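If you want the building blocks of each chain, they are given just below.
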Amino acid sequence: MKRYQYTVKKPISCCGIGLHSGKPINLTILPAEENTGVKFIRSDLGRKAMVPAYMNRVVNTMLATTIAEDDVKVATTEHLMAALSGMGIDNAVVEIDEAEIPIMDGSAGPFVCLLKKAGSQRQKATKKLLKITKELTFGEGEKKIRILPYNGFKITCEI
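Predicted, not measured: the structure shown is a model, and the values here were computed from it.

## Re the overall build of the protein
Counting its regular elements, the protein contains two helices and twelve strands. Shown N-terminal to C-terminal, the secondary structure of the protein runs as helices and strands in the order β-β-β-β-β-β-β-β-α-β-α-β-β-β. At 17 Å, the protein has a C-alpha radius of gyration in line with the 15 Å of a compact globule built from 159 residues. In the protein, which comprises 159 residues, the proportion classed as buried is 34%. The long-range share in the protein, meaning contacts at least 24 apart out of those at least 6 apart in sequence, stands at 64%. As presented, the protein carries roughly 10700 Å² of accessible surface, and 54% of it is formed by carbon and sulfur atoms. If you average the places of the 23 positive and of the 17 negative side-chain charges in the protein, the two averages end up 10 Å apart.

So this is what it looks like as C-alpha cells:
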C-alpha cells in the first residue's frame, strides 16, 4: 500500500446512461486537495449540492449504493468508488449532472481506464489508515460480518 495520499493528475470526463433513470449523465473527476476524500457534486442542483463519500452517508443499498447529504442524493456509486480505491486515488471531486453515476458497461473497468488516462499525483500528506486491533462483529438476522486483526490484507467471504 502506498504511504502517501494521491489525487488525479488532471481532470477527466465521460458521459453515459443512468442504469435506473435511463437519462444521459455527464461525469467529471477533478483533482482534490489533501485530506478531501472523495466528494460528489451535483452540478444540476448548484455548487453547494455536495455529498462526501463516507460510509455513514449510505442511505440505500437496494440494487445500488446510494449516498446522501440532507436532500442531495447520488446513486450507483459502487463501481466508481471501486475504481478510485483500486487505482489508489484518495482525494477527488466528482461532478455529475444527474442523481446517479453512469453505469457504463456495468463494471469498474471504464472508470479504471479514465483514471489511467488522468494519471495520479502524489500529495504531501500521508494516508490515514485504520488498524484493527481487536475482533469486530456486526450482524442482523442471518447476515454477519466479522473483522479480525491481521498483519496484511486478506478478505474471506462466504455467501
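Moving on from the coordinates now.
## What about helix α2 (residues 109-118)?
Residues of α2 that are buried include every one of Phe111, Leu114, Leu115 and Ala118, and no others. Along the axis of α2, the buried positions cluster into a sector of 95°, meaning they face one direction only. Turned more than 90 degrees away from the buried face of α2 sit Lys116 and Lys117, all of them exposed. Those residues of α2 that are buried lie in contact with β1 (4-8), β2 (12-17), β3 (24-31), α1 (78-86) and β10 (120-126).

## Considerations on α1
Taken residue by residue, α1 has Leu80, Ala83 and Leu84 as its buried positions. Along the axis of α1, the buried positions cluster into a sector of 100°, meaning they face one direction only. Residues Ser85 and Gly86 are exposed on α1 and point more than 90 degrees away from its buried face. Buried-residue contacts for α1 involve β3, β4 (38-42), β9 (92-96) and α2.

## Some points on the environment of Ser43
Position of Ser43 relative to the elements: it lies in the loop between β4 and β5 (50-52). Given the relative accessible area of 42%, Ser43 is considered partly exposed. C-alpha of Ser43 to C-alpha of Ile96: the two residues are 53 residues apart in sequence and 5.9 Å apart in space. Residues within four places of Ser43 in sequence aside, it is in contact with Ile96 and Asp97.

## Topic: the sheet that holds strand β8 (residues 72-74)
The strand order across the open sheet formed by three strands is β6-β7-β8, and the pairing between neighbours is antiparallel. Strands with a single pairing partner mark the edges of an open sheet, and in this sheet they are β6 (58-60) and β8. With strand direction ignored, the average angle separating the axes of adjacent strands in the sheet is 40°. Where β6 meets strand β7 (residues 66-69), two bridges bridge the pair, whose relative direction is antiparallel. Directly across from Val58, in β7, lies its bridge partner Ile67.

## Some points on the pairing of β2
Every second residue of β2 is oriented toward a common face, the buried set being Ile12, Cys14 and Gly16 and the non-buried set Ser13, Cys15 and Ile17. Across six bridges, β2 lies against β3 in antiparallel orientation. Of the residues in β3, the one forming a bridge with Gly16 is Ile25. Between β2 and β3, which pair antiparallel and follow one another directly, the connecting turn spans six residues, one of which, Gly22, has a positive phi of 75°.

What counts, and at which threshold
Residues numbered from 1 in each chain as written. Predicted model: local features only at pLDDT ≥ 70, side-chain atom pairs only at ≥ 80, totals over all residues. Heavy atoms only, no water. Helix = DSSP H or I, 4+ residues; strand = E, 2+ residues; numbered from the N terminus. Rg over C-alpha atoms; globule rule 2.2 N^0.38 Å. Buried < 20%, exposed > 50% of the residue type's maximum accessible area, 1.4 Å probe, protein only. Contact = heavy atoms within 4.5 Å. Areas by Shrake-Rupley, 256 points an atom, 1.4 Å probe, with all protein chains shown as cover. Lys, Arg positive; Asp, Glu negative; His and termini not counted. Charge placed at Lys NZ, Arg CZ, Asp CG, Glu CD. Arc of directions from axis to C-beta. Pairing = 2+ DSSP bridges. Axes fitted to C-alpha atoms, helices over the stretch in contact; angles between N-to-C directions.

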